[in-house]
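The residues making up each chain are set out below.
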Amino acid sequence: MARAATTTDAFNAVAEPRRREILDALAQQERGVGELAELLHVAQPVVSKHLKVLREVGLVEVRDDGRRRLYRTDARPLQEIHAWVGRYERLWEERFELIDELLDTLDDPPGTRPDQPPDPRGDRS
């Protein structure tokens, strides 16, 4: 089965865990390739490869600082991901609220809620 291209959009680019680590590191501050490689304990060519993908989809910007190239995140492409994930977040929040309500009813002793019949076995406290 063919792999999806990782350079087509931000969704594919952030599917790779190492790229998410790079984005996390760059969200804190601008960094050079060497600093990222040291921070993430990977070889510089690996970091460079991932930065190239992140640049191609617009998640990372680069600027020259003398002989160094510094990278920083550009959060604009993440807005699409954020909006998409937000739809699911609302869905899961609703489901968790229903689970919380169910769990609350299970905590109530039998016969203590108006909609709950008394325990037919009597009080066995």
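Rules and cut-offs
Residues numbered from 1 in each chain as written. Predicted model: local features only at pLDDT ≥ 70, side-chain atom pairs only at ≥ 80, totals over all residues. Heavy atoms only, no water. Patch = residues over 30% accessible without salt bridge, like charges linked within 9 Å, V, L, I, M, F, W, Y side chains within 5 Å. Areas by Shrake-Rupley, 256 points an atom, 1.4 Å probe, with all protein chains shown as cover. Salt bridge = Lys/Arg side-chain N within 4 Å of Asp/Glu carboxyl O. Lys, Arg positive; Asp, Glu negative; His and termini not counted. Charge placed at Lys NZ, Arg CZ, Asp CG, Glu CD. Helix = DSSP H or I, 4+ residues; strand = E, 2+ residues; numbered from the N terminus. Buried < 20%, exposed > 50% of the residue type's maximum accessible area, 1.4 Å probe, protein only. Expected span 1.5 Å × (residues − 1). Arc of directions from axis to C-beta. Contact = heavy atoms within 4.5 Å. Core = buried A, V, L, I, M, F, W, Y, C linked by side-chain atoms within 4.5 Å.

J.: Help me understand a negative patch on the surface in this model?
T.: Together, Glu-89, Glu-93, Glu-94, Glu-97, Asp-100, Glu-101, Asp-104 and Asp-107 give the surface a local cluster of negative charge. For Asp-100, the position within the fold is in helix 5 (residues 78-107).

J.: Help me understand unusual backbone geometry in this model?
T.: If a residue is not glycine, its phi is most likely negative; likewise, a peptide bond is most likely trans. Even without being a glycine, His-41 presents a positive backbone phi close to 60°. For His-41, the position within the fold is in the loop between helix 3 (33-40) and helix 4 (44-56). Residue classification places His-41 among the exposed residues on the basis of a relative accessible area of 73%.

J.: What is the right way to read helix 4 from this model?
T.: Residues lying three or four places apart along an α-helix face the same way, a consequence of the helix completing one turn every 3.6 residues. If you check helix 4, its first and last C-alpha atoms are 18 Å apart, about what 13 residues at 1.5 Å a residue would give, namely 18 Å. Within the sequence span of helix 4, burial applies to Val-47, His-50, Leu-51, Val-53 and Leu-54. Down the axis of helix 4, the smallest arc covering the buried residues is 160°, so these residues share one side. Opposite the buried face of helix 4, at more than 90 degrees from it, the exposed residues are Pro-45 and Lys-49. Those residues of helix 4 hidden inside the fold are in contact with helix 1 (10-14), helix 2 (17-28), helix 3, strand 2 (60-65) and strand 3 (68-73). Gly-58 lies just past helix 4 and shows a positive phi near 85°.

J.: Where do I start with the environment of Val-53 in this structure?
T.: As for its position among the elements, Val-53 is in helix 4. By relative accessible area, Val-53 is classed as buried at 7%.

J.: Mind showing me how you'd approach the nonpolar core here?
T.: Nonpolar side chains in soluble globular proteins tend to be buried together. Ile-22, Val-47, Leu-51 and Leu-59 are the most contacted members of the largest nonpolar core, which has 21 residues in total. Secondary structure elements with two or more residues in this core: helix 1, helix 2, helix 3 and helix 4. Excluding residues within four positions of it along the chain, Leu-59 makes contact with Ala-10, Ala-13, Val-14, Leu-23, Leu-54, Arg-72, Thr-73, Asp-74, Pro-77 and Leu-78.

J.: What exactly am I supposed to notice about the pattern of salt bridges here?
T.: A side chain of one charge can pair with a side chain of the opposite charge if their charged atoms are brought near each other. Inspection of every chain in the model, using the stated rule, returns nine salt bridges. With a shortest N-O distance of 2.7 Å, Arg-63 and Glu-30 are connected by a salt bridge. Taken together, the residues span a long stretch of sequence, with Arg-63 in strand 2 and Glu-30 in the loop between helix 2 and strand 1 (31-32) at a distance of 33 residues. For Arg-63, a relative accessible area of 31% translates into the label partly exposed. We note a salt bridge from Asp-74 to Arg-76, for which the minimum N-O separation is 2.5 Å. Asp-74 sits in the buried class, given a relative accessible area of 11%.

Take it as geometry only, folks, not as evidence of what the structure does.
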